[in-house]
Each structure stands twice: as structure tokens, then as C-alpha cells.
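Descriptive structure summary
Next come the chains, spelled out residue by residue.
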Amino acid sequence: LAFLMHPLVHQIFWTVVLGAATIVISRLAAKALRRLLNMDSNPLPTTSIIVNIVRATIWAVGASIILDSVWGQNSNAIITALGVGGIAISLGFQDTLANLIGGLQMTFMGIIKPGDNIEVGSEKGVVQDITWRHTTIKDNLGQIIVVPNSVISTTSLVHLLPANRVAVPFAVPRYKNAADEKLSMDELADALIGIARAAAEGVSTVIDGPKVFFSEITELGIKGTIVLQVEDPGKVSLAADAIVRAIASDMA
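Residues numbered from 1 in each chain as written. Predicted model: local features only at pLDDT ≥ 70, side-chain atom pairs only at ≥ 80, totals over all residues. Heavy atoms only, no water.

1. Some remarks on the sheet that holds strand β8 (residues 221-230)
Keep this limit in mind: Any two strands with at least two DSSP-identified bridges between them are counted as paired. Where helices and strands are cited, they refer to DSSP runs of H or I of at least four residues and of E of at least two residues respectively, numbered from the N terminus. Here, axes are lines fitted to C-alpha atoms. For helices the fit covers the stretch in contact, and angles between N-to-C directions go from 0 to 180 degrees. Any two residues whose heavy atoms approach within 4.5 Å are treated as being in contact.
Within the open sheet, the three strands sit side by side as β6-β8-β7. Their pairing is antiparallel. A strand with exactly one partner marks an edge of an open sheet, and here the two such strands are β6 (165-172) and β7 (206-218). Geometrically, the sheet is characterised by an average inter-axis angle of 15° between neighbouring strands, direction not taken into account. Pairing of β7 with β8 involves nine bridges; the strand directions are antiparallel. Among the inter-strand pairings, V212 is bridged to a residue of β8, identified as I226. Across the sheet, helix α8 (residues 236-250) touches β6 and β8, and the angle it forms with β6 is around 20°.

2. Some words on a nonpolar patch on the surface
How we decide: For patch building, the residue pool is restricted to those with more than 30% relative accessible area and no salt bridge; the joining distance is 9 Å between like charges and 5 Å between nonpolar side chains (Val, Leu, Ile, Met, Phe, Trp, Tyr). All accessible areas in this document rest on Shrake-Rupley with a 1.4 Å probe, and a residue is counted as covered only by the protein chains that are shown. The salt bridge criterion pairs a side-chain nitrogen of Lys or Arg with a carboxyl oxygen of Asp or Glu, the two atoms within 4 Å. The cut-offs for exposure are 20% and 50% of the maximum accessible area for each residue type, with area from a 1.4 Å probe on protein chains only; residues under the lower value are buried, those over the upper are exposed, and the others partly exposed.
A surface patch of nonpolar side chains, about 360 Å² in accessible area, is lined by L8, I12, V16 and W71. Mapped onto the secondary structure, L8 falls in helix α1 (residues 7-37). According to the relative accessible area criterion, L8 is partly exposed, its value standing at 40%.

3. Describing the packing of α1 against helix α2 (residues 48-70)
Heads up, the condition is: By definition in this entry, angles of less than 35 degrees are roughly parallel, angles greater than 145 are roughly antiparallel, angles of 65 to 115 are roughly perpendicular, and the rest are oblique. Crossing handedness follows the turn of the near helix against the far one: under a right angle anticlockwise gives a left-handed crossing, and clockwise gives a right-handed one. Any residue outside Ala, Val, Leu, Ile, Met, Phe, Trp, Tyr, Cys, Pro, Asp, Glu, Lys and Arg is labelled polar, Gly included; the first ten of those are nonpolar and the last four are charged.
The contact between α1 and α2 brings their axes to 9 Å, and the two run at 160°. Judged by the inter-axis angle, α1 sits roughly antiparallel to α2. Crossing of α1 over α2 shows right-handed handedness. Per-class residue counts for the contact of α1 with α2 are 16 nonpolar, eight polar and two charged.

Encoded structure:
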């Protein structure tokens, strides 16, 4: 009993209790924030950096409460001391701070967000997540590429067309139907749409299109482009190949 009544035991007990409460609150806040960020009406992107900032804030508040109420230490004095040494610390963590600031800029200014198809230098792919240190993107081969936030914020950034977009140029004659009648432009477009949809659906589900855009008439026939979007970005090349083969087979 004398051991349990010792002040140090009390301090350790309340430190554990308040620390556990801080962990629970941070996890609940992270879950609630992720659910809020996933809502369609939310203007901010669903990135880890926002969740991590909220989690770090909760941890800082929890640590301040433990120091003040349990150990009797003035957290303001500790923060002041850290502020004095902050200049020296920042010099040693320049890259980390640059990545953190770059990640905050990209997130809150909406420069990039998960799902964007981007090109940074020689790397290109779909953004998966933005953390406090780096941004992860997935290329066409399914490889995960890690790019520091400071590199993205200081390098020319190109927003590419959606990764699941299929664009197939074509040149076909104004061929005739089964009744040996020459097709109109609208009928030709409908025929191309039917061929492209059937071919692409055999590879991946079509979620938008197909749409046909005519560009010019040459000695080779009518030129244009078929545009559609498939569900699986990794099968864009296969879908384009299937459409080319189908058009060549049906309209040769």
C-alpha cells in the first residue's frame, strides 16, 4: 500500500491513463477525418498529410496536459526553449522542412491530389498519396515511385490526361452497309462506336464513351479519333490494341 501511495507511482499511473486517452482520441479523430475527407462535398484532397497534422496536434496537446497536470512542468517554458534551439534544428532538417512545406502547399492549394495523372521530370504516373515527406505515384507498369515533395514543388509539373483514357486514331473508307448503301457520317460514327465498345469491353469495362471525332478527309478515307475511358488504367494499351484490330477487321 505504501508503494501504491508513492507520488511517483501516481504520476506514472496518470501518465499511462492520459497517454492511452490521447492515443484513442487521435485514432478516432483520424478515422472521422478520413471519412470527412472522402465525402463528395469536401474541397480538400484525401491525403495522409492532413490526417497526420491533426494527429500530431492531438499528441502535442496531450503531451502538454501530461507535463502540466501530472509532472508539474511548464510546457510553455519547454516550447520557448525549443523555439530558441529551433534555428539550429531547422538547419539540420532543411530537406525535411522543405518536403513538409511542399506537401502542405500542394495539398491546400490543390495543385495535385490522389487520382491525378502527372509527370514530374522523367517520372509519370497516377498520384496515390501525399505524405509529410513524399508523394507516391504508380506508373503504367504498376510500379510505385516515391518522389520527395520538395522536388515536385520546385520542378515543372505536367497534369496528363486521365490514365484510363484510350485514344485511338483511325482512317477508314466510307464503306457501305449490308444493303450496299453508302453510310452517312452519323451512321459511320455509330458503326465505329459499336465496334470500339465491343472490342474494349472484351478487355476492361468501359466507363465513359466511346466518342468519335472526325478530323479530315484524305485519299485514305475519313480520319478521326475514338476516345473512351476504361475502368482499369493498366489495360489501356490492350484496349487500344483490341479497337485497332476490330476496326481493321470490320472496315478493311
